[in-house]
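# Descriptive structure summary
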Amino acid sequence: MQKASATPETMNVTGAEAIIHCLLAEGVDILYGYPGGAIMPVYDELFKFKDQLHHVLTRHEQGAVHAAQGFARVSGRVGVAMATSGPGATNLVTGLADAQIDSTPVVCITGQVPRHLLGSDAFQETDIIGISTPVTKWNYQITRAEEIPEIMAKAFYIARSGRPGPVLVDITKNAQFDSLDFQYKPCKGVRSYTPIPEPDADAIARAAEMINQAKKPYIVYGQGVILGEAEEELKAFVEKSGIPAAWTILGLSAMDSDHPLNVGMVGMHGNYGPNVLTNECDLLIAIGMRFDDRVTGNLETYAKQARIIHFEIDPAEVNKNVKVDLAVLGNAKETLSLLLPQVEARSHEAWLGEFRKKYEEEYASVIRKDVTPDKPGLTMGEVVAQINKATDHRAVIVSDVGQHQMIACRYAKFRESKSNITSGGLGTMGFALPAALGAKMAAPQREVVAIIGDGGFQMNIQELGTIFQTRTPVKIVVLNNDFLGMVRQWQELFFDKRYASTVMTNPDFVKIAEGYYLKARRVEDRASLAEAVEEMIASEDAYFLEVRVEKEDNVFPMIPSGASVSDIRLK
Amino acid sequence: MEKQWFTISVYSENHVGLLNRISGIFLKRHINIESLNVSKSEIDEVSKFTIVVFTTERWTRHIVAQIEKQVEVIKAFYHTDDETIYQESALFKIASHLLFDERQIQNIIKESNSQIVTVSRDFFVLAKTGRRHEIDQMYHELEPFGIMQFVRSGRITVTKAEMPISAMLEKFQHV
């Protein structure tokens, strides 16, 4: 593209065009958004650059930001969402909060009323900087075109570096119209910001010593392993040290599900052994996880007998919830590779045997009934097992929030990292459908299966329109029990079965999907389940599968809210 | 853990919106800011927040860690009162006739080491710099005579220990 040059290195462009050049310079080739008055100059440029930059029109701004999150989680790249001012911007807030708590690199660009109208309560003016501050890693309002290149470079740098997170850049309309001499320099650092703490050789040596001395060491790994791309380092550490390792919900898929030392999931609906044995290990090695309350249960009775080492990139997470004996700050990839040569090759057969024994107990009382039920009604677990079988453990599984999510994270099997996409920290119903769209666009060669409840599906059901328009071959499974199942389960267990506002009178989901011209099918009996799942996976187009499951099944094991990990219930 | 007074010092870039970001960290944890002062620091273009809270050390440590995590914050510290030199300033506006009618007021001015900033026909203004309890004491002594207006600043502190901010910034220049 020929442009009048101000200097040999710069070109004179409008702010709106500069934004496009910034996105291209950051390697962005796809973004999600929704146009409106205050962002129209940028959309006008998007139209001109549509060969280089694919804009996906979602049906709601919340869909745009969740799609950007799904894209980021699968690709490891920064996801980008765009919206207009006012309601466009406020509709992004849930996604920002979700990306903040789940450390997802996202840049959101919002239009804003012109500089001279700021503070005048102009049409579609809202203080999105004020609103988004607590749910962003960083945010900035651009009011002059000349600020665009530097701020955009900083936005991408901050979103992706260190512990990733969402950044919002709000751009007044005058800054989009005005011209600037454009030159792009990627951001290499911000003087007030240390993205990754320097690893401390002494801390690593002490960690190795504690690990080598331990009789019953136990690893719990989280998303820090995935975000730090430390999967190989984790595997090497686990295999050399022979230490059993369990995942948090966001750590899932960092290790092969079938690895003999990968012992299951911790947390409220995690596996029996990994929870109970937390209180029997003598050394707990936490890697890239943040001791969320859904993981620890009652902190007063959490791993009190054990010494604790915390491998963590964010110093603010150390001693936040659980007091640790040793913190090893840094990127897990780096700290684990420094640790590895100092760790003795060991095996912990007897200790590992305790995990196996607990698994057998859990299998007998929970897993067998979930996955190979002998009652007539379909279970969520058997659907997930069928998906495992049909995809050979190679799919990206995107789950929403609730019972089906816990079942998906308990039973879905993975061989590849960055394959379990779910809203962990925020628990955002409505996340999965748009996130699956973004995930599939990030990895078009992979099978992407969204597993969603009947409640969450209806929270962003409009994104079926985006899936249809973009012809994105996402596979959508709705596990329909006509209830807000997780809340219903709590009402059954803790509120004497008073099912306050959890009964759903649902529409004909198959007809709705067909209304969007998607292939759609409903399964109500076991006989047709396997064949329906296979048909869905074999489909080259998007496919909607509704599975009518047992209405009042519960997810077990369960650590009741406020109870100890030792008091996990099998029924 | 016992609640006590802590002074949080924050060295930061001077950017629009950072005060909101920092105050939000207290808001999220339902912790009240007892006193707040923002000013330039000993380093060019670096601002210093001085924030006083009454809470436990555990919460103070969390808050400081969260503040320091903000992109535009260079460094945050917390100190107990023993570890800092701290002062507040106050202004008292008092009716001028009292200066002549109430001899005790002149004694209060002398004993409190306060200064008369201005005197007009209707009122005079006293300035007092010192610890919170000294200002409180002066307030209680003047109160019976009638205080037309009173205002007290946020606490400002310097620490007894060194604050290695310049060295940190210097290091960045050479990266």
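About the cut-offs
Per chain, the residues get numbers from 1 upward, laid out in the order the sequence is written. Think of it this way: whatever chain is written first is A, whatever ligand is written first is 1, and the rest follow in order. Owing to the predicted nature of the model, reporting of local features is limited to residues with pLDDT of at least 70; listing and counting of side-chain atom pairs is limited to 80 or more, with chain, interface and lining totals taken over all residues. Counting from the N terminus, the helices are DSSP H or I runs at least four residues long and the strands are E runs at least two residues long. Note on contacts: each residue gets a C-beta atom placed from the backbone, and two residues are in contact if those atoms are within 7 Å. Boundary definitions for the domains trace back to an automatic or database domain assignment. Three categories are distinguished: nonpolar for Ala, Val, Leu, Ile, Met, Phe, Trp, Tyr, Cys and Pro, charged for Asp, Glu, Lys and Arg, and polar for the others, with Gly belonging to the last. Axis lines are fitted through C-alpha atoms, for helices just across the contact stretch, and the angle between N-to-C directions can take any value from 0 to 180 degrees. Handedness of each helix crossing follows the sense of rotation of the near helix against the far helix: counterclockwise by less than a right angle gives left-handed, clockwise gives right-handed. By the convention used here, strands pair only if DSSP detects at least 2 bridges between them. Around each residue's C-beta, the other C-beta atoms within 10 Å are counted; 20 or more make the residue buried, 12 or fewer make it exposed, and counts in between make it partly exposed. All C-beta atoms are placed from the backbone. Within this analysis, the arc is defined by the directions that extend from the helix axis to the C-beta atoms. What we call a nonpolar core is a set of buried Ala, Val, Leu, Ile, Met, Phe, Trp, Tyr and Cys residues whose membership is set by joining through C-beta atoms within 7 Å.

### Overview of the environment of Val 135 of chain A
Following the sequence through the fold, Val 135 of chain A ends up in the loop between helix H6 (128-132) and strand E6 (138-142). Apart from the residues within four sequence positions on either side, Val 135 of chain A is in contact with Val 93, Leu 96, Ala 97 and Gln 100 of chain A.

### A word on the domain arrangement of chain A
All names here are of chain A. Taken as a whole, chain A is organised into domain 1 (11-182), domain 2 (201-354) and domain 3 (376-548). When each unit is reduced to the centre of its C-alpha atoms, the spacing between domain 1 and domain 2 is 37 Å. Facing the five residues of domain 1 at the interface are five residues of domain 2. Classifying every residue of the side of domain 1 that touches domain 2 gives one nonpolar, two polar and two charged.

### Brief notes about the packing of helix H1 (residues 15-25) of chain A against helix H7 (residues 148-160) of chain A
All names here are of chain A. Relative orientation of the contacting elements H1 and H7 amounts to 35°, with a least axis distance of 10 Å. Between H1 and H7 lies a crossing of right-handed hand. Here Gly 15, Ala 18, Ile 19 and Cys 22 of H1 come into contact with H7, specifically with Ile 148, Pro 149, Met 152 and Ala 153. Split into classes, the residues belonging to the contact of H1 with H7 amount to seven nonpolar, one polar and no charged.

### Some remarks on the interface of chain A and chain B
Each side of the interface is counted separately: chain A has 16 residues, and chain B has 18 residues. The residue inventory of the side of chain A that touches chain B, partitioned by class, reads eight nonpolar, four polar and four charged.

### Points about the sheet that holds strand E2 (residues 30-33) of chain A
All names here are of chain A. On the basis of which strands lie adjacent, the open sheet formed by six strands has the order E3-E2-E4-E5-E7-E6 and parallel pairing. The sheet is open, and its two edges are formed by strand E3 (54-57) and E6, each paired on a single side. On average, adjacent strands in this sheet sit at an angle of 20° to one another, irrespective of strand direction. Sheet contacts for H7: strand E5 (106-112), E6 and strand E7 (166-172); angle to E7, the most-contacted strand, approximately 165°.

### Notes on helix H11 (residues 231-241) of chain A
Residue and element names in this part refer to chain A. Among the residues of H11, Glu 231, Glu 233, Leu 234, Phe 237, Val 238 and Ser 241 are the ones counted as buried. Buried residues along H11 cover an arc of 165° about the axis, so they all sit on one side. Buried residues belonging to H11 abut helix H9 (201-213), strand E9 (217-221), helix H10 (223-227), strand E10 (245-247), strand E12 (283-287) and helix H14 (332-339). Of the residues trailing H11, Gly 242 is marked for its positive phi of about 70°.

### A short note on the nonpolar core
Core analysis: the biggest nonpolar cluster contains 181 residues, and Ala 81, Val 107, Val 169, Ala 450 and Val 477 of chain A have the highest contact counts within it. Among all residues touching Val 169 of chain A, those that are not within four sequence positions of it are Val 107, Ile 109, Tyr 140, Ile 142, Ile 151, Met 152 and Ala 155 of chain A. By size, the runner-up hydrophobic cluster in this structure holds 17 residues, among which are Leu 18, Ile 22, Phe 49 and Val 64 of chain B.

### A word on the environment of Ser 423 of chain A
Residues and elements named next belong to chain A. Note that Ser 423 resides in the loop between strand E16 (420-422) and helix H18 (432-442). Taking C-alpha positions, Ser 423 is 26 Å from Ser 85, a pair spaced 338 residues apart along the chain. Beyond its immediate chain neighbours, meaning those up to four positions away, Ser 423 contacts Asp 98, Asp 102, Val 401, Thr 428 and Phe 431.

### Quick notes on the domain arrangement of chain B
Segmentation of chain B into domains returns domain 1 (3-79) and domain 2 (86-152). Computed over C-alpha atoms only, the centres of domain 1 of chain B and domain 2 of chain B are separated by 31 Å.

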